[in-house]
Amino acid sequence: MKKILFIEDEPALQKTLASAFTQEGFEMIQALDGETGLRLARQKKPDLVLLDLILPKMDGFEVLRQLQADPETKSMPVVVLTNLEGMGEVQKVIELGAKDYLVKTNYKLDELVEKVKASLNI
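Conventions adopted
- Residues numbered from 1 in each chain as written.
- Predicted model: local features only at pLDDT ≥ 70, side-chain atom pairs only at ≥ 80, totals over all residues.
- Heavy atoms only, no water.
- Helix = DSSP H or I, 4+ residues; strand = E, 2+ residues; numbered from the N terminus.
- Rg over C-alpha atoms; globule rule 2.2 N^0.38 Å.
- Buried < 20%, exposed > 50% of the residue type's maximum accessible area, 1.4 Å probe, protein only.
- Contact = heavy atoms within 4.5 Å.
- Arc of directions from axis to C-beta.
- Salt bridge = Lys/Arg side-chain N within 4 Å of Asp/Glu carboxyl O.
- Polar contact = N/O pair within 3.5 Å; in protein donor to acceptor, adjacent residues only side chain to side chain.

### Quick word on the overall build of the protein
So, step 1. Counting its regular elements, the protein contains 5 helices and 5 strands.
So, step 2. Overall, the protein shows an N-to-C arrangement of helices and strands of β-α-β-α-β-α-β-α-β-α.
So, step 3. Relative to its length of 122 residues, the protein is compact, with a C-alpha radius of gyration of 13 Å against a globular reference of 14 Å.
So, step 4. Its C-alpha atoms put the protein at 30 × 30 × 25 Å along the principal axes.
So, step 5. Across the 122 residues in the protein, those meeting the buried criterion constitute 49%.
So, step 6. Considering only intrachain contacts with a sequence separation of at least 6, the fraction spanning at least 24 residues in the protein is 60%.

The structure is reproduced here in structure tokens:
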């Protein structure tokens, strides 16, 4: 069973996505802030990290930076899922090593699940 770590500070979105991915056979690990998310990534070794950029305690850019800097988490695919649409943000996260950049409002739940599966080559 593939594990996804979802780092998102909005509980309603956490719940909705966790439900959708669990139904698809994924194990969901959830974090409501960047610090917790980074710690869980190191402890649980998920197959993929879904990462928001606007987070309490540590923003998504810094989480991504630290994941990439750590040899144990560097190869973990990270898909950024955010409401930030600026080209600067997109460029920055791709340069930091994110596999994909998805804007929340542009995707339906089933499309999001398909994107994650594609990132995992499922």
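### Re helix α3 (residues 60-69)
So, step 1. Taken residue by residue, α3 has Gly60, Phe61, Val63, Leu64, Leu67 and Gln68 as its buried positions. On an axial view of α3, the arc spanned by its buried residues comes to 160°, and they lie on one face.
So, step 2. Turning to α3, the residues buried within the fold contact β1 (3-7), α2 (34-44), β3 (48-51), β4 (78-82) and α4 (87-95).

### Description of the pattern of salt bridges
So, step 1. What the rule picks out here adds up to 8 salt bridges.
So, step 2. One salt bridge connects lysine 45 with glutamate 72, and the closest N-O pair in it is separated by 3.0 Å. Taken together, the positions of lysine 45 in the loop between α2 and β3 and glutamate 72 in the loop between α3 and β4 put the pair 27 residues apart, joining distant regions of the chain.
So, step 3. Look at glutamate 72 and you get exposed, because its relative accessible area is 55%.
So, step 4. Several salt bridges share partner residues, and in doing so they unite Glu8, Asp52 and Lys104 into one network.

### Some words on α2
So, step 1. Every buried residue of α2 is listed here: Gly34, Thr36, Gly37, Leu38, Leu40 and Ala41.
So, step 2. Elements that come into contact with the buried residues of α2 comprise β1, β2 (27-31) and α3.
So, step 3. Structurally, the start of α2 carries an N-cap: the backbone nitrogen of glutamate 35 is 3.1 Å from a side-chain oxygen of aspartate 33.
So, step 4. Note on α2: the residue one or two positions beyond its end, lysine 45, has a positive phi of about 50°.

Function cannot be read off these values alone, since they describe shape.
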